[in-house]
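Structure assessment
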Amino acid sequence: MNRAHDWLDYQERLARVTAYIHDHLEGELDLHRLAEVAHLSPHHWHRVYHALHGETIAATVRRLRLHRASGYLANTTQPVSELARRCGYPNVQSFTRAFRAAYGVSPTQYRQHGGHAVFQAPEARPQAAGYEVTLRVIPPVRLAGLPHRGSYMLVGRAFETAFARMAAQGLMRDDTRWMAVYDDDPFAVPESQLCSRAGLSLPAGSEALAPLQTFELGGSLCAVLRHRGPYATMRAAYQWLYGHWLVRSGHEAAHLPVFEEYLNNPRHTAPADLLTDICLPLVG
């Protein structure tokens, strides 16, 4: 088989497209320019992307732009007009239409009443909205993935690239688990210096090739908060978990970083239905 056209090479090329999209969400993403990034024919490259990634480029760009916008809405006070521009929308009207279609509310309504507001309420009682913390021992999970430096809201780039690499190496399975570990407190460390790792579980007995890095999560007692909703609301959930639950629980956090497991796929799941387990290791 010609090396220039085998499976691994296509995944390498499309990984470049994924990285380019993440770095240029605020600008126009022309299909011909993306074909140049992939070094593939503009007549055929998008069919390859759609077949391998399970969604069109348009769907990928819309999902990533709105994910970024939801993070700005939940965690900053930037004017809607400014964050619309930063997320690649030419005006507030087009941004509002796209956001409402995906999230069911306007950007302003989301900022005021989104899932993050549950954790920020004065009474700080997310149990009333269906949240609770459970204690359980999470067995160790062996993963392969990539490091990410910078905003935790942008860790998706590392996931997308790791997915492409894993698929190219034949390591993806129907039961592959998606997990990430976050080493730093975003309230204490400058955003540009935040360190995290995105990982996908490895099949038993398999090894991943570079640049994928192998690491392990779990293997300890954890306080687990199952979060339903957009990833943008996670920061508020963390504040409640540490500032309300942990200090009243009688438990002590272990000398291990917090990690997350993503229980469904944002490509096929509405933002309001995304499920994430936030896992805080505890001293046993």
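Please refer to the structure placed before this passage.
Reading the values: rules and limits
Residues numbered from 1 in each chain as written. Predicted model: local features only at pLDDT ≥ 70, side-chain atom pairs only at ≥ 80, totals over all residues. Heavy atoms only, no water. Phe/Tyr/Trp six-rings, centres within 6.5 Å; stacked < 30°, edge-to-face > 60°. Buried < 20%, exposed > 50% of the residue type's maximum accessible area, 1.4 Å probe, protein only. Pairing = 2+ DSSP bridges. Helix = DSSP H or I, 4+ residues; strand = E, 2+ residues; numbered from the N terminus. Axes fitted to C-alpha atoms, helices over the stretch in contact; angles between N-to-C directions. Contact = heavy atoms within 4.5 Å. Disulfide = S-S within 2.5 Å. Core = buried A, V, L, I, M, F, W, Y, C linked by side-chain atoms within 4.5 Å. Salt bridge = Lys/Arg side-chain N within 4 Å of Asp/Glu carboxyl O.

Turning next to the packing of aromatic side chains. One pass over the structure, following the stated rule, counts 11 aromatic pairs. Ring geometry for tyrosine 89 against phenylalanine 95: centres 5.4 Å apart, planes inclined by 55°, an arrangement best described as tilted. Each member of the pair tyrosine 89 and phenylalanine 95 is classed as buried. Centre to centre, the rings of phenylalanine 159 and tryptophan 178 are 5.7 Å apart; their planes meet at 35°, and the pair counts as tilted.

Let us now look at the sheet that holds strand β3 (residues 178-182). An order of β1-β6-β8-β7-β3-β4-β2-β5 is seen for the eight strands of this open sheet, with the pairing classed as antiparallel. The open sheet is flanked by β1 (133-138) and β5 (213-217), the only strands paired with a single partner. Geometrically, the sheet is characterised by an average inter-axis angle of 35° between neighbouring strands, direction not taken into account. Bridge analysis of strand β2 (residues 141-149) against strand β4 (residues 195-201) gives seven bridges, and the strand direction is antiparallel. The partner of proline 147 across the bridge, within β4, is arginine 197. On top of the sheet, helix α9 (residues 156-168) reaches β2, β3, β4 and β7 (258-262); it is set at about 35° to β4, its chief contact.

So, on to the state of the cysteines. Linking two cysteines covalently through their sulfur atoms gives a disulfide. For the coordinates displayed, the defined rule picks out zero disulfides. Just so you know, cysteine 222 is unpaired, no disulfide at all, and the nearest cysteine sulfur is the one on cysteine 279, 5.3 Å from it. The class of cysteine 222 is buried, set by a relative accessible area of 0%.

Looking now at the environment of alanine 254. Structurally, the position occupied by alanine 254 is in the loop between α10 (234-249) and β7. Judged by relative accessible area, alanine 254 falls into the buried class, the value being 19%. Once the C-alpha coordinates of alanine 254 and aspartate 174 are considered, the two residues, 80 residues apart in sequence, prove to be 32 Å apart.

A word on the nonpolar core. Membership of the largest hydrophobic core comes to 35 residues, with the highest contact counts inside it found for Tyr182, Trp245 and Ile278. Those elements that place two or more of their residues in this core are β2, α9, β3, β4, β6 (220-228), α10, β7 and β8 (275-281). Looking at which element gives the most residues to this core, the answer is α10, with seven residues. In this structure, Ile21, Leu29, Ala35 and Val37 belong to the second largest nonpolar core, which totals 17 residues.

With that settled, the discussion passes to the pattern of salt bridges. Taken as a whole, this structure holds 12 salt bridges when the rule is applied. Of the charged contacts, one joins glutamate 160 and arginine 267 as a salt bridge, the two residues approaching to 2.7 Å between their closest N and O atoms. Of this pair, glutamate 160 sits in helix α9 while arginine 267 sits in the loop between β7 and β8; the two residues are 107 residues apart in sequence, bridging distant segments of the chain. As far as the burial class goes, glutamate 160 and arginine 267 line up, both buried. Arginine 226 is the salt-bridge partner of aspartate 277, the closest N and O atoms lying 2.8 Å from each other. Of the two residues, aspartate 277 is situated in strand β8 and arginine 226 in strand β6; the sequence distance between them amounts to 51 residues. When salt bridges that share partners are traced, they join Glu55, Arg63, Glu160 and Arg267 into one network.

Fair warning: the whole summary comes from geometry, so function is off the table for now.
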